Amino acid sequence: QKEVEQDPGPLSVPEGAIVSLNCTYSNSAFQYFMWYRQYSRKGPELLMYTYSSGNKEDGRFTAQVDKSSKYISLFIRDSQPSDSATYLCAIPLDQGGKLIFGQGTELSVKP
Amino acid sequence: KAGVTQTPRYLIKTRGQQVTLSCSPISGHRSVSWYQQTPGQGLQFLFEYFSETQRNKGNFPGRFSGRQFSNSRSEMNVSTLELGDSALYLCASSFGYGGALLYGYTFGSGTRLTVV
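Student: Can you lay out the interface of chain A and chain B for me, pointing to particular residues and giving the numbers?
Tutor: How big an interface is tends to be expressed through the accessible area that disappears when the partners come together. Facing the 20 residues of chain A at the interface are 25 residues of chain B. Carbon and sulfur atoms supply 53% of the area that chain A and chain B bury against each other, a total of about 1,800 Å² over both sides. Counting across the chain A and chain B interface gives zero salt bridges. For the interface between chain A and chain B, the tally reads six residue pairs in polar contact (both at pLDDT 80 or more). Those elements that provide at least two residues to the side of chain A that touches chain B are β4 (32–38), β9 (85–92) and β10 (99–101) of chain A. Tallied by class, residues from the side of chain A that touches chain B come to nine nonpolar, six polar and five charged.

Take a look at the structure:
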């Protein structure tokens, strides 16, 4: 079993839709959870991160962690064509730069 | 300010050859990590350097190596290239060690390596 699992999609939605992106993880000791966005031909950029359980909101984006079910989610409200990208969940494994990434979900928002 | 610069952007090599990729971090950043991205395996951690020392290593064969210079620029080398090494190689820089959580990482746009 992979440490982080993510449905690769692709996911296509109409502009204005609410998007739900999800990952599951295997190790209950994980505490920090991150979401990265990667545009085509670019490197990933950090969208937001959360610690432990609960929600964190940043504009149209909400990250949610459910540690009891080892499930992390990213919600995008009022999705825009500019949100079309690959979204990757990531978990830091130690104090350094070692992150484990989900497979990434390719999102397309149609005007 | 300038971002993370990776050169070259694209590279085509033949099986059995070796290749060196370069990464110039953001000015002032001292930590550099390397990742391999493929459609099948996704993003996988290769190694991390801080102050010219390798601090962490992923599960890759010894053909993959790297180094960091005193100006924080980093290079990674892959010897005896295999077809499966075809990937996007990404470099990420951070102000200090512990970057993912403490300082955040900035990724470059990557080097696309194709092995034929």
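Student: Give a detailed account of the side chain of Thr38(B), specifying residues and quantitative values.
Tutor: Of note, Thr38(B) is situated in strand β4 (residues 31–38). Residues contacting Thr38(B), with those up to four places away along its chain left out, are Ser86(B) and Ala87(B).

Student: Let's hear about unusual backbone geometry: which residues, and what values?
Tutor: Each neighbour pair has its own omega, and for Gly9(A) with Pro10(A) the value is 10°, a cis peptide bond. Tracing the chain through its elements places Pro10(A) in the loop between β1 (4–6) and β2 (11–14). Here the residue pair Thr7(B) and Pro8(B) is connected by a cis peptide bond, since its omega of -10° sits within 30 degrees of zero. With respect to the secondary-structure elements, Pro8(B) resides in the loop between β1 (5–7) and β2 (10–13).

Student: Now, about the nonpolar core: what can you tell me, with residues and values included?
Tutor: Formed by 25 residues in total, the largest nonpolar core has its most connected members in Trp35(A), Ile72(A), Leu74(A) and Tyr87(A). When residues of this core are traced back to their parent elements, those giving at least two are β3 (19–25), β4, β5 (45–51), β7 (61–66), β8 (71–76), β9 and β11 (105–110) of chain A. With near-sequence residues (within four places) excluded, Leu74(A) lies in contact with Val19(A), Ser20(A), Leu21(A), Trp35(A), Leu47(A), Met48(A), Phe61(A), Thr62(A), Ala63(A) and Tyr87(A). In terms of nonpolar packing, the next biggest core, distinct from the first, is built from 21 residues, Trp34(B), Phe47(B), Val78(B) and Ala87(B) among them.

Student: Describe the sheet that holds β7(A), and please don't skip the residues or the numbers.
Tutor: Residues and elements named next belong to chain A. Taken together, the five strands give an open sheet; going across it, the order is β1-β3-β8-β7-β6, and neighbouring strands pair in antiparallel fashion. One side of each edge strand has no neighbouring strand; the edge strands of this open sheet are β1 and β6 (54–58). Taken over all neighbouring pairs, the strand axes of this sheet differ in orientation by 20° on average, direction set aside. In the sheet, β6 pairs with β7 via five bridges, with the strands oriented antiparallel. Residue pairing for β7: Asp58 is matched across the bridge by Phe61.

Cut-offs used in this document
- Residues numbered from 1 in each chain as written.
- Chains lettered and ligands numbered in written order.
- Predicted model: local features only at pLDDT ≥ 70, side-chain atom pairs only at ≥ 80, totals over all residues.
- Heavy atoms only, no water.
- Contact = heavy atoms within 4.5 Å.
- Buried area = accessible area lost by both parts, 1.4 Å probe.
- Salt bridge = Lys/Arg side-chain N within 4 Å of Asp/Glu carboxyl O.
- Polar contact = N/O pair within 3.5 Å; in protein donor to acceptor, adjacent residues only side chain to side chain.
- Helix = DSSP H or I, 4+ residues; strand = E, 2+ residues; numbered from the N terminus.
- Nonpolar A, V, L, I, M, F, W, Y, C, P; charged D, E, K, R; others polar.
- Core = buried A, V, L, I, M, F, W, Y, C linked by side-chain atoms within 4.5 Å.
- Buried < 20%, exposed > 50% of the residue type's maximum accessible area, 1.4 Å probe, protein only.
- Pairing = 2+ DSSP bridges.
- Axes fitted to C-alpha atoms, helices over the stretch in contact; angles between N-to-C directions.

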